[in-house]
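Overview (structure and organization)
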Amino acid sequence: MSAQPDHAPLAPYAPAPGAPAELLAQLRADRRAAQWVPAFERQWASALEHSRRTFSLAALYEVVQEWQGLIASAPAVDAFVASAYDDSEFIDMAELRGRRR
């Protein structure tokens, strides 16, 4: 038997050096730019300040990863909203909890 793990450990996520600038360009080109760009810039500034205090890039990486996910999922969210999906069968858990009391 080997003492080596049977799987490779996951490498920490590290975006490409130009990823924040590319991300900001994508946000500016989106129809939601008026809301998204200021939100990204606030999060980026906060993460940058945190990185300066801690000497860690983790907060910056998290902001990039979060916004990349947001941009990647936006078309699916738009399609869902445009489909006028009938969610009238949705069960409101808060309402159910209120009935039990």
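Above this text is the structure in question.
To start, this report covers the structure provided alongside it. The model shown is predicted, which means the values in this text are computed figures rather than measured ones.

A closer look at the environment of Pro20
Note that Pro20 resides in helix α1 (residues 19-29). A relative accessible area of 18% means that Pro20 is categorised as buried. Excluding residues that lie within four positions of it along the chain, Pro20 makes contacts with Phe40, Trp44 and Val64.

What about α1?
Regarding α1, the residues found buried are Ala19, Pro20, Leu23, Leu24 and Leu27. The arc enclosing the buried residues of α1, seen along the axis, measures out at 130°, which places them on a common side. What points out from α1, more than 90 degrees from its buried face, is the exposed set Ala21, Glu22, Arg28 and Ala29. Elements in contact with the buried residues of α1: α2 (33-54) and α3 (58-82).

Remarks on the pattern of salt bridges
This structure, assessed with the given rule, holds five salt bridges. Arg31 is the partner of Asp78 in a salt bridge, and the nearest nitrogen-oxygen pair spans 3.0 Å. Residue Asp78 is found in helix α3, and its partner Arg31 is found in the loop between α1 and α2; the two are separated by 47 residues along the sequence. As a salt-bridge pair, Arg32 and Asp78 come within 2.8 Å of each other at their nearest N and O atoms. Residue Arg32 is found in the loop between α1 and α2, and its partner Asp78 is found in helix α3; the two are separated by 46 residues along the sequence. Exposure remark for Asp78: the relative accessible area of 25% places this residue in the partly exposed category. Among the charged side chains, a network of salt bridges with common partners joins Asp30, Arg31, Arg32 and Asp78.

What counts, and at which threshold
- Residues numbered from 1 in each chain as written.
- Predicted model: local features only at pLDDT ≥ 70, side-chain atom pairs only at ≥ 80, totals over all residues.
- Heavy atoms only, no water.
- Helix = DSSP H or I, 4+ residues; strand = E, 2+ residues; numbered from the N terminus.
- Buried < 20%, exposed > 50% of the residue type's maximum accessible area, 1.4 Å probe, protein only.
- Contact = heavy atoms within 4.5 Å.
- Arc of directions from axis to C-beta.
- Salt bridge = Lys/Arg side-chain N within 4 Å of Asp/Glu carboxyl O.

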